[in-house]
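# Working through the structure, step by step
Listed below, chain by chain, are the residues.
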Amino acid sequence: MKNYLFILLFILFSFTGCNYSVSKEKELPNIVLILADDMGYGDPQCYNSNSKIPTPNINNLAANGIMFTDAHTNSSVCTPTRYGLITGQYSWRGPLKKGVTWSYDTLIIDKNRETVATLLKKAGYNTACVGKWHLGLGWQTTGDSILFNAPLTASPNDLGFDY
């Protein structure tokens, strides 16, 4: 009788998909944030079939993902928008109260501040920031001259991004 019970339990656990010896890691969904300067709601063809701008990749993302129809920004220009996206803070609470940073300005985000990258790292993600940065790169200078051959002292990596 014991052998029959053992065989019954073995068969039951074999077909139910229970596997107690192997732990499965939680799979994290991919997160892709795309910030496009100077692009209006009606520019991508997925939102406006009459758009004169070809946007096949955005159309593909929209067709195979989610389309958002209610979005907001904390500013109408690039630097404060990036600041808000990366820090989660209203841009006017940071060091830049108006306008944008310029090519050789210093980093406007404190390197010790929590960012979207550091928050995602805590959740097990690897992060990357690709494209226009425009938040300060830490160019080294001597007097009024920029040392173009010297390494930059600030980048997205300093704010938690892996790449």
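Residues numbered from 1 in each chain as written. Predicted model: local features only at pLDDT ≥ 70, side-chain atom pairs only at ≥ 80, totals over all residues. Heavy atoms only, no water.

## Quick notes on the overall build of the protein chain
Scanning the protein chain from N- to C-terminus turns up 4 helices and 2 strands. Walking the protein chain from its N terminus toward its C terminus, one meets helices and strands in the order α-α-α-α-β-β. For the protein chain, buried positions account for 23% of its 163 residues. Long-range contacts, defined here as pairs at least 24 residues apart, represent 53% of the contacts in the protein chain between residues at least 6 apart. Accessible surface for the protein chain amounts to roughly 12,800 Å². Of this, 57% is attributable to carbon and sulfur atoms. (Helix = DSSP H or I, 4+ residues; strand = E, 2+ residues; numbered from the N terminus. Buried < 20%, exposed > 50% of the residue type's maximum accessible area, 1.4 Å probe, protein only. Contact = heavy atoms within 4.5 Å. Areas by Shrake-Rupley, 256 points an atom, 1.4 Å probe, with all protein chains shown as cover.)

## Some details on the packing of aromatic side chains
In total, this model carries 5 aromatic pairs according to the counting rule given. Ring geometry for Tyr-90 versus Trp-92: centroids 5.0 Å apart, planes at 10°, classification stacked. Ring centres 5.6 Å apart and planes at 70° place the aromatic pair Trp-139 and Phe-148 in the edge-to-face group. Among the residues examined, Trp-139 registers a relative accessible area of 25% and is labelled partly exposed. On the basis of relative accessible area, Phe-148 is assigned to the exposed category, the value being 52%. Taken together, the aromatic side chains of Tyr-104, Trp-139 and Phe-148 make up a single cluster linked through ring pairs. (Phe/Tyr/Trp six-rings, centres within 6.5 Å; stacked < 30°, edge-to-face > 60°.)

## What to know about the environment of Asn-64
Inspection of the secondary structure assignment puts Asn-64 in helix 2 (residues 56-64). Taking relative accessible area as the criterion, Asn-64 reaches 64% and is therefore assigned exposed. A polar atom in the side chain of Asn-64 sits 2.6 Å from the side chain of Asn-60. (Polar contact = N/O pair within 3.5 Å; in protein donor to acceptor, adjacent residues only side chain to side chain.)

## Some details on the pattern of salt bridges
Applying the stated criterion to the full structure yields 2 salt bridges. As a salt-bridge pair, Lys-122 and Glu-114 come within 2.7 Å of each other at their nearest N and O atoms. Overall, Lys-122 belongs to the exposed group, its relative accessible area being 66%. Between Lys-121 and Asp-162 there is a salt bridge, and its shortest N-O distance comes to 3.1 Å. Remark: Asp-162 occurs in the segment after strand 2 (145-146) and Lys-121 occurs in helix 4 (residues 116-122); sequence separation between them is 41 residues. (Salt bridge = Lys/Arg side-chain N within 4 Å of Asp/Glu carboxyl O.)

## Brief notes about the nonpolar core
Residues Tyr-83, Ile-86, Leu-96, Leu-107, Ile-108, Ile-109, Trp-133, Leu-135, Ala-154 and Leu-159 constitute the largest nonpolar core, which totals 10 residues. Setting aside its immediate chain neighbours within four residues, Ile-86 contacts Ile-109, Thr-115, Val-116, Trp-133 and Leu-135. (Core = buried A, V, L, I, M, F, W, Y, C linked by side-chain atoms within 4.5 Å.)

## Let's talk about the environment of Met-67
Its place among the elements puts Met-67 in the loop between helix 2 and helix 3 (78-87). Separated by 20 residues in sequence, Met-67 and Tyr-47 place their C-alpha atoms 8.6 Å apart. Not counting residues within four places of it along the chain, the set of residues in contact with Met-67 comprises Cys-46, Tyr-47 and Ala-62.

## Quick notes on unusual backbone geometry
At His-134, a residue that is not glycine, the phi angle is positive and equals roughly 55°. Within the secondary structure, His-134 is located in the loop between helix 4 and strand 1 (141-142).

## Focus on the side chain of Arg-82
In this structure, Arg-82 sits in helix 3. If near-sequence neighbours (up to four positions away) are discounted, Arg-82 is found in contact with Leu-35, Asp-37, Lys-132, Trp-133, His-134 and Leu-135.

## A word on the confidence of the model for the protein chain
In this model, the protein chain carries an average pLDDT of 83, and 85% of its residues clear a pLDDT of 70 or more. Averaged pLDDT values for the elements of the protein chain fall to 43 in helix 1 (residues 2-15) and rise to 97 in helix 4. In the model, residues 2-23 has pLDDT below 50 throughout and makes 2 contacts with residues more than four positions away in sequence or in other chains. (pLDDT = per-residue confidence, 0-100.)

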